[in-house]
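# Observations on the model geometry
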Amino acid sequence: MPYTPPNGTDIADVTLHDTNYAIKYEPREAWNQSTFSALSKPKDTFHYSSSQGNFPNSGSLHQVTFELQGVALYVYGASEDALRTLDPKPYLHAPIDVCLNDECHPVDVHQAYLDAVDGSHAPVLLWSHSGLSPNKTTFVHIRMLAGESPAGVLRRATFEKVVYTEVRPKSPVAHPIPRGIYHKKTVLYDSVDRFPLARWSTESGASGPYGSVLNDMWHGKMPQWSYSARGHSFKIYGPPLESMKNVEHAAQRICLDHTYCHYVDVGHIYLSIPDSHEKLPVLIWSVDGIDPFTDHTITSEMVDRFYDHEARVMALSHIETLWVEIPPPPPPPPPPPPPPPPPPKPTTSSTPTKTPCPTLPSTVAPITTTVFVTVIPEPIPKPKPEPGHGTGYHVLLLFTGAAICAMALVIGSFASHHWDRVQHYMPLNGTPHPGYGAVETGSNGSEETSRL
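These lines cover the structure that appears in this document, whether it is placed above or below. The structure displayed is predicted, hence computed values, not measured ones.

Turning next to the overall build of the protein. When you go through the protein residue by residue, the secondary structure sums to 4 helices and 27 strands. By residue count, 33% of the 452 residues in the protein fall in the buried class. The contacts of the protein with a sequence gap of at least 6 include a subset with a gap of at least 24, amounting to 80%. Surface summary for the protein: the accessible area is close to 29,700 Å², and the carbon and sulfur share equals 58%.

Once that is clear, we can look at the pattern of salt bridges. The final tally for this structure, using the stated rule, is 6 salt bridges. Close ionic contact of Lys 279 with Glu 242 constitutes a salt bridge, the shortest N to O distance being 2.7 Å. Remark: Glu 242 occurs in the loop between β19 (233–238) and β20 (251–256) and Lys 279 occurs in the loop between α3 (266–271) and β22 (282–288); sequence separation between them is 37 residues. Lys 279 sits in the exposed class, given a relative accessible area of 51%. By relative accessible area, Glu 242 is classed as partly exposed at 32%. Ionic pairing is found between Glu 278 and Lys 245, a salt bridge with its closest N-O pair at 3.1 Å. One end of the pair, Glu 278, is in the loop between α3 and β22; the other, Lys 245, is in the loop between β19 and β20, and 33 residues separate them in sequence. Look at Glu 278 and you get buried, because its relative accessible area is 18%. Here Lys 245 falls in the partly exposed class, since its relative accessible area comes to 45%.

What makes a disulfide is a covalent bond joining the sulfur atoms belonging to two cysteines. Scanning the entire structure with this criterion turns up 2 disulfides. Here Cys 255 pairs with Cys 261 through a disulfide, and the sulfurs are 2.1 Å apart. Classification of the bridge connecting Cys 255 and Cys 261 rests on its S-S torsion, roughly 115°, and on that basis the disulfide is right-handed. A relative accessible area of 24% means that Cys 261 is categorised as partly exposed.

Here we come to the environment of Asp 18. Along the chain, the position of Asp 18 falls in the loop between β1 (9–17) and β2 (24–26). In this structure the C-alpha to C-alpha distance between Asp 18 and Val 64, which are 46 residues apart in sequence, comes to 9.5 Å. A distance of 2.7 Å separates polar atoms of two side chains, one belonging to Asp 18 and the other to Thr 45. In terms of polar contacts, Asp 18 uses its side chain to reach the backbone amide nitrogen of Phe 46, at 3.4 Å.

What follows is about the pairing of strand β6 (residues 72–77). Among the 6 residues that make up β6, 5 are buried, leaving the element largely enclosed by the rest of the structure. Pairing geometry for β6 and strand β10 (residues 124–130), over 6 bridges, is antiparallel. Bridging across to β10, Val 75 finds its partner in Trp 127. Bridge analysis of β6 against strand β13 (residues 161–169) gives 5 bridges, and the strand direction is antiparallel. From the neighbouring strand, Ala 72 faces β13, where its bridge partner is Thr 165.

For the rest of this paragraph, the subject is the packing of aromatic side chains. Under the criterion given, the structure shown has 4 aromatic pairs. Their ring planes at 50° and their centres at 5.5 Å tell us that Tyr 25 and Trp 31 sit as a pair that is tilted. Its relative accessible area of 9% is what places Tyr 25 among the buried residues. We classify Trp 31 as buried; its relative accessible area is 6%. Here a set of aromatic residues connected by ring pairs shows up, and it is made of Phe 36, Phe 46 and Tyr 48. Directly above the ring of Tyr 91 sits Arg 156, whose terminal nitrogen or CZ lies 4.6 Å from the centroid. Lying across the ring of Tyr 76, Lys 161 places its NZ or CZ 5.1 Å from the centre.

What counts and what doesn't
- Residues numbered from 1 in each chain as written.
- Predicted model: local features only at pLDDT ≥ 70, side-chain atom pairs only at ≥ 80, totals over all residues.
- Heavy atoms only, no water.
- Helix = DSSP H or I, 4+ residues; strand = E, 2+ residues; numbered from the N terminus.
- Buried < 20%, exposed > 50% of the residue type's maximum accessible area, 1.4 Å probe, protein only.
- Contact = heavy atoms within 4.5 Å.
- Areas by Shrake-Rupley, 256 points an atom, 1.4 Å probe, with all protein chains shown as cover.
- Salt bridge = Lys/Arg side-chain N within 4 Å of Asp/Glu carboxyl O.
- Disulfide = S-S within 2.5 Å.
- Polar contact = N/O pair within 3.5 Å; in protein donor to acceptor, adjacent residues only side chain to side chain.
- Pairing = 2+ DSSP bridges.
- Phe/Tyr/Trp six-rings, centres within 6.5 Å; stacked < 30°, edge-to-face > 60°.
- Lys NZ or Arg CZ within 6 Å of the ring centre and 35° of its normal.

Here it is in structure tokens:
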């Protein structure tokens, strides 16, 4: 049943080649390393151990040991093409035991080569196992078993690589991130923290300067470097192959956040670089898909066993970091303007308002407008004669009214003239005016008196 990683994690395969620092061969003198030309890369390696007759004849087990922390394990032997590079003597595949924490599983290696389906150029899967605990370290021992061999026939065990599946942290977000702005930053070797700094030297390479340190210069703590930054991808590069020819590379223990560590077989990486890429920086290690919003620390420490007493080099060219920037969201749009106030309600008033007449400007010429109005008079109704009266009656009534009006005019005229005179000479208190009855006659001062 496939392993399902818990939330926030993912699985990835890790390859340990036969030359990896994490792998030990016992006894050391019983194992040999062979280098051959591979189909997919210029060179590859494998280890082998041989015996003749009954085994063991040296009094000790020939075994390969390493440890890992993962959920599955795959053990590979050398390919048929690689085995043909050895001596042409006839041989048989020696049976092996694969032991996980002292629980051993016998493997029929001869049958595994017969069942190989990837052709003669690919490594042969000898044994696989799943169901390991990702939270515990598993100790692995691959042991060559004893067996009968015909006279003159070798029994041979080979080991090319082991692949295991580990659980590692997973980024909480998926890429590309909406509105994310992605950046790539290159950090040169002299911008990382190196220890001991005095032991590091600067060399000139085909693609620029790089830093290097030898394992025989420091007999205390092994040389190392450290770099911290925020990002979701880190790539570590060494100097080009052209600058590292005839150099023995030291293995490195590279860790992410001091928790997830791998032994990196730098020598095997340079061995597989084609000549067409000899001027390009060499990718040593990389990690991707981690939390982009957290600061991460990458550390690398030189590791070596000194069993061959050779000076080995640890070199660093630069580190590439990919990180994402999320700008703040745009401000919200301004709120819509408030609606206009409703028009005022008309008010009724008992006082009439006067609307001033518009005043024309002085420059405007007066305009004369002639309006023709046609008035259609209504017909005057004819009076209807009152019943019971004749024409003579109306004539008499007309003369009587005229006589009364004439008398009223005569009396009114006399009364008005006399009253004016009385008001002029008779005060309101009833006493006659001193000049009552006198009449002004002329300019000579003569007077004429008359009595009424």
